[in-house]
Amino acid sequence: MILAIAAVVVGLALLVWSAGHFVSGSSLVAKHFGIPPLLIGIVIVGFGTSAPELMVSSIAAFQGNSGLALGNAFGSNIGNIGLILGISALIHPITVHSAILRKELPILMGVTVLTGFFFWDNSLRRIEALALLVVFLGLTLWSIWEGLRQKNDALGLKIDHSLESKPVSLKKAIIALSMGLVFLLISSKFLVWGAVILAKSFGVSDLLIGLTIVALGTSLPELASSIIAIRRGEYDIALGNVLGSNLFNTLAVIGIAGVIHPFSVESEVFLRDFLVMAALTLSLFILGYGFKGTGRINRFEGAFLLLSYCGYIGYLINSSF
């Protein structure tokens, strides 16, 4: 038990550290090779912050712990919107200036509906997981096209300013990227092993551990980067982190885990966890899209998102012990 707790704590700490180095290193390497800032923001920063979820869920799927893999993905999406955007909006209201992000909001809603359709029968077949990966590939190609086409998008300008403020040599950027990748793998193995042992010790499902402890831990990179972005006034980066991460979790993380080991889950996963994720995604779409003007998430709405997350976690804990 003590060894498992230590593995989870050390795994989470290493996960946050390695994810930061991986995203920072990959962004700086891309900058050195002349990749457009908007493309870095959408693909590398947005998707890269979900590298912990990908590592953890893939390893869990390889080991046959599908509940942990799925709980990590769903729980991270719920935490990204409820916890991260909730806290970020409480620090400062989030105004959506980027045209790209306004396009990604309905895409995320559509992707969520597609995932719900696949999980309607409480399972995810390998062909359905492959379909998620095909959609992810198409979305990535669209993101690349948008990144190359739109030079003056608000998100791209803020990413460029952020990268210019911390010049690093190509050698140091590659070292940071390599170290981040290696320790991502090591820390994910620690975390999965400890989480499975804890679930067995407390007599709860690995799904619950994935939805709570593991999901919160793998979402810490997004939380840290979003708070830093908010304090710098880079509101589009904070929202972009969450949108990119949730798209990556829903399509790539679940898709890859489903290809490795198809899911078969209890009905409560759809009726409780998926519907909570879908409701928060819909709330984000309504708040952030700005049907009558610029999208904005104010402090009151941020408090609503945060309370929704706390209520969900409280319900999970109360119903499991």
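Structure shown above.
Rules used throughout
- Note that residues are indexed from 1 along each chain, following the sequence as it is written.
- Where totals are concerned, whole chains, interfaces and linings use all residues; where local detail is concerned, this predicted model gives features only for residues with pLDDT of at least 70, and gives and counts side-chain atom pairs only at 80 or more.
- The side-chain values count all of the structure's non-hydrogen atoms but skip hydrogen atoms and water molecules.
- By the criteria applied, helices consist of DSSP H or I runs no shorter than four residues and strands consist of E runs no shorter than two, each listed in order from the N terminus.
- Burial classes follow relative accessibility: with a 1.4 Å probe on protein chains only, a residue under 20% of its type's maximum area counts as buried, one over 50% as exposed, and anything between as partly exposed.
- Any two residues whose heavy atoms approach within 4.5 Å at even a single point are treated as in contact.
- Take the residue count of a helix, subtract one, and multiply by 1.5 Å to get its expected span.
- N or O atoms within 3.5 Å of each other form a polar contact, as long as, within protein, one can give a hydrogen and the other can take it, and as long as residues adjacent in sequence are counted only when both atoms are side-chain atoms.

### A closer look at the overall build of the chain
Phase 1: Per the secondary structure count, the chain includes twelve helices and four strands.
Phase 2: Per-residue burial over the chain gives 56% buried out of 321 residues.
Phase 3: The long-range fraction of contacts in the chain, counting pairs at least 24 apart against all pairs at least 6 apart in sequence, stands at 88%.

### Considering the side chain of Asp273
Phase 1: Relative to the helices and strands, Asp273 is located in helix H11 (residues 267-289).
Phase 2: When its relative accessible area of 0% is taken as the criterion, Asp273 is described as buried.
Phase 3: Leave out the neighbours within four places in its chain, and Asp273 touches Phe74, Ile78, Leu207, Leu211, Glu268, Tyr312 and Leu316.

### Topic: the side chain of Thr115
Phase 1: Here Thr115 shows up in helix H5 (residues 99-118).
Phase 2: The buried category is assigned to Thr115, whose relative accessible area is 0%.
Phase 3: In this view, Thr115 contacts Leu132, Thr250 and Phe274; residues no more than four positions away in its chain are not counted.

### Points about helix H12 (residues 299-320)
Phase 1: Over its 22 residues, H12 runs 32 Å from end to end, which matches the ideal 32 Å to within 8%, given 1.5 Å per residue.
Phase 2: Buried residues along H12 sit in contact with helix H4 (66-91), helix H9 (206-231), H11 and strand S4 (295-297).
Phase 3: One side-chain oxygen of the residue at the start of H12 lies 3.1 Å from the amide nitrogen of Phe300, identifying that residue as Asn298.

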